[in-house]
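Structure assessment
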Amino acid sequence: MGRYSRLRYIQTLDPERDYEEIFQLTTRYEFPWDYNTGYSFAFITDFVIPSITHTLASTGEFAHHSMKRYDDTMLFPFDTHRHGMETPDGRATVRELNRIHGHYEIDNTDYLHILAGHLVSAIDWINAYGWRRLSEPEERALVLTHRRLGRLMGIKDIPETYEGFKAWLEADIKKRGAWHYANSAMVGYVLGIIADLCPRGTGAIAARGIVSLLDDDIRIMLDQPRTPAWFSATVRRALRARGRLLRLAPPRRRPYMRTPHSYPHGWSLEHLGPRHLKGRET
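Residues numbered from 1 in each chain as written. Predicted model: local features only at pLDDT ≥ 70, side-chain atom pairs only at ≥ 80, totals over all residues. Heavy atoms only, no water.

All right, on to the overall build of the protein chain then. Counting its regular elements, the protein chain contains 14 helices and 0 strands. Starting at the N terminus and ending at the C terminus, the protein chain contains elements arranged as α-α-α-α-α-α-α-α-α-α-α-α-α-α. Per-residue burial for the protein chain yields a buried fraction of 52% across its 282 residues. Partitioning the contacts of the protein chain with sequence separation of at least 6, the portion at a separation of at least 24 is 77%. When the accessible area of the protein chain is evaluated, it comes to approximately 14000 Å², of which 55% is carbon and sulfur surface. Across the protein chain, 39 positive and 34 negative side-chain charges occur, with their mean positions spaced 6 Å apart. (Helix = DSSP H or I, 4+ residues; strand = E, 2+ residues; numbered from the N terminus. Buried < 20%, exposed > 50% of the residue type's maximum accessible area, 1.4 Å probe, protein only. Contact = heavy atoms within 4.5 Å. Areas by Shrake-Rupley, 256 points an atom, 1.4 Å probe, with all protein chains shown as cover. Lys, Arg positive; Asp, Glu negative; His and termini not counted. Charge placed at Lys NZ, Arg CZ, Asp CG, Glu CD.)

So, in structure tokens, the structure goes:
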């Protein structure tokens, strides 16, 4: 198999019909690190919306169980997509996610902001730093997969296209984004998670590197320090260099599988979610 063989196969598929298959090939074979890193980057930018910050801070999960909270947030969609959104296991995962969310008062606009933020961040990251840009079928498949998941979660008024998601997200940040006293603390928890996930001795610089990638208006709302222009440029050059080197690597043979720190011996649906909500009905 050549480096572009999988892309050629993807281009024979119809994203309107085969979006789940394309999504799996793109996120678990072609760009697993880039997709997950871009998706995770939205954890930080979510905190520019005070109502989102307030909801997440009020649960105490990031403060007291930060790594588990991160792992669970990543595993819910991972398991949904791994099983397939239309399968019994996939639907069971979404039902459990909806059951947990049902314990909190979350506005549709906040749900939509998070959905849009993670999609746009993942696509933008791959196109900026991946070993190649997404093809049109891949981008469309990512959009349709997120739209379907959003509908299964009961989210309304979901945009139709990537451009629609991006425009809606930018408008929402402009309308509702603001500094909040809890923003910095919540970002600190996420940066702490990033540091813990890095090899020993590299966590601090990795966290600083993430902050350096924030747009200035986002950085100010999150109350994060300004980084020197040379440092930000160096981080971006290093990420692009990684992509160029990866272009020379052989294609991935096995699908990416998450290895969450919170569940070193594996996990099941029963493990996911806040412990204090297990077995309780809404």
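What follows picks up the thread again.
What follows deals with the nonpolar core. Counting 75 residues, the largest nonpolar core has I44, F165 and L222 as its most contacted members. By residue number, the principal contributor to this core is helix α8 (residues 108-129), which donates 11 residues. Among all residues touching I44, those that are not within four sequence positions of it are V187, V190, L191, I194, I210, L214 and L222. (Core = buried A, V, L, I, M, F, W, Y, C linked by side-chain atoms within 4.5 Å.)

All told, the structure shown has 17 salt bridges when counted by the stated rule. Between E86 and R91 there is a salt bridge, with its nearest N and O atoms 2.6 Å apart. With its nearest N and O atoms 2.8 Å apart, the salt bridge here joins R176 to D110. Taken together, the residues R176 in helix α10 (residues 162-176) and D110 in helix α8 connect sequence positions 66 residues apart. Exposure remark for R176: the relative accessible area of 23% places this residue in the partly exposed category. Of the residues examined, D110 reaches a relative accessible area of 5% and is grouped as buried. Through salt bridges with shared partners, a single ionic network connects R6, E30, R132 and E138. (Salt bridge = Lys/Arg side-chain N within 4 Å of Asp/Glu carboxyl O.)

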